[in-house]
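# Report on the structure
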Amino acid sequence: MNRKEIIAAAPNAEPERQKYFMELVKELVAERARKKGRPLTCFISTFGCQMNARDSEKLLGILEEIGYVQGTDENSDFVLYNTCTVRENANLKVYGRLGYLSGMKRKNPDMMIALCGCMMQEPQVVEKIKKSYRHVDIIFGTHNIFKLAELIYDRMTDTKMVVDIWEGTDSIVENLPVERKYPFKSGVNIMFGCNNFCSYCIVPYVRGRERSRNPEDIIKEIEGLVADGVVEVMLLGQNVNSYGKTLEHPITFAELLRRVEKIEGLERIRFMTSHPKDLSDELIDVMRDSEKICRHLHLPLQSGSSRILKVMNRKYTKEQYLALVDRLRAAIPDIALTTDIIVGFPGETEEDFEETLDVVRKVRYDSAFTFIYSRRTGTPAAAMENQVPEEVVKARFDRLLKEVQEIASEVILRDAHTVQKVLVEEPDTHEEGFLTGRLSNNTVVHFKGDASLIGKIVDVSLDEAKGFYFMGSLK
Ligand code: SAH
Ligand code: SF4
Ligand code: F3S
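Now for a look at the structure at hand.

Rules used in this analysis
Residues numbered from 1 in each chain as written. Chains lettered and ligands numbered in written order. Predicted model: local features only at pLDDT ≥ 70, side-chain atom pairs only at ≥ 80, totals over all residues. Heavy atoms only, no water. Near = heavy atom within 4 Å. Polar contact = N/O pair within 3.5 Å; in protein donor to acceptor, adjacent residues only side chain to side chain. Areas by Shrake-Rupley, 256 points an atom, 1.4 Å probe, with all protein chains shown as cover. Nonpolar A, V, L, I, M, F, W, Y, C, P; charged D, E, K, R; others polar. Helix = DSSP H or I, 4+ residues; strand = E, 2+ residues; numbered from the N terminus. Buried < 20%, exposed > 50% of the residue type's maximum accessible area, 1.4 Å probe, protein only. Contact = heavy atoms within 4.5 Å. Salt bridge = Lys/Arg side-chain N within 4 Å of Asp/Glu carboxyl O. Phe/Tyr/Trp six-rings, centres within 6.5 Å; stacked < 30°, edge-to-face > 60°. Lys NZ or Arg CZ within 6 Å of the ring centre and 35° of its normal. Expected span 1.5 Å × (residues − 1). Arc of directions from axis to C-beta. Pairing = 2+ DSSP bridges. Axes fitted to C-alpha atoms, helices over the stretch in contact; angles between N-to-C directions.

### Focus on the site of ligand 1
Taken together, 15 residues sit near ligand 1, with Arg87, Gln238, Gln302, Asp340 and Ser374 positioned nearest. One nitrogen or oxygen atom from the side chain of Arg87 is found 2.9 Å from an oxygen atom belonging to ligand 1. Protein coverage of the free-state accessible area of ligand 1, which is 540 Å², stands at 90%. Split by residue class, the shell around ligand 1 holds 7 nonpolar, 4 polar and 4 charged.

Spelled out as structure tokens, the structure:
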């Protein structure tokens, strides 16, 4: 069969179609490896959030299935950048790295360079790459990562740059290979996309409309993970609190959690991200009564000013947010709260900023990710005229950071000198013979121990608080 006939013979249904292309590319990769006298290597660099990290595990699963072995850096035969565009600096890094790759490709002309992720869903980005970064081989987006094998087949059997970006999709392709970063914990997508259109945010444009996976598929995936050694899952979605609303048989996020809780062998359940506007009392009850849901909630505030929150299209006020925190703390007194805050949203005044500081002081977060507002093309906020001058934003950002850090270093003392269950995650990168693990409330602890404990839940005494983490000892 010639190339055209081979492509025409591919099944239309997924994942069968991708399995077909995986078999074909496996041959092509093996042939190249034979010529080189060594296996081909691949390297994925992931920018952005947990969704991208999970997507990269799926992409690596496909690459390993077709015969690539994992390399350690960009000096590899297949280099893939899974990009983020939530703030401009994430964007700029990718262009910098692409420049550097062009030199490497000159030395290794067989090298393949692929780009995917959120940045690629922006038409002006793809235009720029097609024009100025001709050494890129494959560009695809956030809706068709499952197609990687087919795209590699196209590139290996043709001479042109392969560009395949979808504007959106209704379908969710299940049952493709995945290669997890950690054997004992895993992210699990429960939904894709976002319908909220916060006025500063580009995610709804690059990730498409909200789609929930069927609860049965989610449970089946987690059962499979647990059978494979996973003890902790992180349920992933841009707004997990609206999970299930658009399913044929709608269920709530709280109900999904009840079902996940019943999975035998699973020890810990986390989830991200909760939008305050959709956080139900049912969810608070389920968290309170759960043995497995971790004592941690990430609850992005964005701003403490009700006026700014309205322009941000967040659909809650300062008072509603604080009342929600009160309800959470009344039900689950030991819950750790973390947040995201944006400084310098268009029109933010000193008074607005003071409101944000006020919420920070009232809630007393365990930690907070603080961001300088970044203007994203195509979002409503980018067109607003009253952008805040850079030096004003910078000064506010520094004040906020100082406040957040001071409070966090006090809040952490709540657990000092107690013994807590810790999931051991990896060898400590700073001290030989030490391990790093996490409490249920997400605080990190370092302690002396043997690497054989990695992936296990052990009792650790929290001896000394060091700002935002503990030094501890095994019990
Ligand atoms: N879905 C999540 C957030 C995903 S983006 C939620 O709604 O909470 C992660 C964080 O990036 C956001 O919470 C916000 O604080 C920040 N962010 C998003 N767009 C931004 C922008 N244009 N400038 C600065 N920070 C931004
Ligand atoms: Fe962005 Fe808002 Fe959606 Fe979060 S909820 S991804 S901040 S639009
Ligand atoms: Fe970035 Fe896309 Fe996540 S823009 S934050 S990688 S959804």
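### A word on unusual backbone geometry
That bond from Glu14 to Pro15 is cis: its omega, 5°, falls within 30 degrees of zero. By the element assignment, Pro15 lies in the loop between helix H1 (3-8) and helix H2 (16-36). One non-glycine residue with positive phi stands out, namely Asn313, at about 65°. Counting through the fold element by element, Asn313 comes out in the loop between helix H11 (306-311) and helix H12 (318-331). We classify Asn313 as partly exposed; its relative accessible area is 27%. One non-glycine residue with positive phi stands out, namely His417, at about 65°. With respect to the helices and strands, the residue His417 is situated in the loop between helix H14 (390-411) and strand E15 (419-427).

### Considerations on the side chain of Asp154
Its place among the elements puts Asp154 in helix H6 (residues 148-156). Ignoring any residue separated from it by four or fewer positions in sequence, one finds Asp154 in contact with Arg3, Ile7 and Val162.

### Here we look at the pattern of salt bridges
If the charged atoms of two oppositely charged side chains come close together, the side chains can form a pair. Here the structure, examined in full by the defined rule, presents 46 salt bridges. The partner of Glu221 in a salt bridge is Arg54, with the nearest N and O atoms 2.8 Å apart. Here Arg54 lies in helix H3 (residues 50-65) and Glu221 lies in helix H8 (residues 215-227), a separation of 167 residues in the sequence. Look at Arg54 and you get buried, because its relative accessible area is 4%. A network of salt bridges, in which partner residues are shared, links Arg54, Glu57, Glu174, Arg213 and Glu221.

### Observations regarding the packing of aromatic side chains
One pass over the full model with this rule turns up 13 aromatic pairs. Measuring from ring centre to ring centre gives 5.4 Å for Tyr20 and Phe21, while their planes differ by 90°; the resulting arrangement is edge-to-face. Given a relative accessible area of 0%, Phe21 falls into the buried group. On the basis of an interplanar angle of 70° and a centroid distance of 5.7 Å, the ring pair of Phe345 and Tyr373 is categorised as edge-to-face. Of this pair, Phe345 sits in the loop between strand E13 (336-343) and helix H13 (350-363) while Tyr373 is found in the loop between strand E14 (367-372) and H14, placing the two residues 28 residues apart along the sequence. Grouping aromatic residues by their ring pairs yields a cluster made of Tyr20, Phe21 and Tyr153. Between the NZ or CZ atom of Lys128 and the centre of the ring of Tyr95, over which it lies, the distance is 4.0 Å. Directly above the aromatic system of Tyr182 lies the positively charged group of Lys185, at a separation of 4.8 Å from the ring centroid.

### Remarks on H2
With 21 residues, H2 ought to run about 30 Å at 1.5 Å a step, and its terminal C-alpha atoms sit 31 Å apart, in line with that. What H2 keeps buried is the set Arg17, Gln18, Phe21, Met22, Val25, Val29 and Ala33. Viewed end-on, H2 has its buried residues packed into an arc of 115°, placing them on one side of the element. Turned more than 90 degrees off the buried face of H2, the exposed positions are Glu27 and Arg34.

### Focus: the sheet that holds strand E2 (residues 69-70)
Reading across from one edge, E2-E1-E3-E4-E5-E6 is the order of the 6 strands in this open sheet, with parallel pairing throughout. The open sheet terminates on both sides in strands that have one partner only, identified here as E2 and strand E6 (162-164). The pairing of strand E3 (residues 78-83) with strand E4 (residues 112-117) spans 6 bridges and is parallel. Within the sheet, the bridge partner assigned to Val79 lies in E4 and is Ile113. Against the sheet, helix H4 (residues 88-107) touches strand E1 (41-46), E3 and E4, its axis set at about 175° to E3.

### Re the environment of Cys118
On the secondary structure map, Cys118 appears in the loop between E4 and helix H5 (123-132). Residue class for Cys118 comes out buried when judged on its relative accessible area of 9%. Along the sequence, Cys118 and Glu431 sit 313 residues apart, while their C-alpha atoms lie 36 Å from each other. In this structure Cys118 touches Asn52, Thr83, Cys84, Thr85, Thr142, Val206 and Arg207, once residues within four positions along its chain are discounted.

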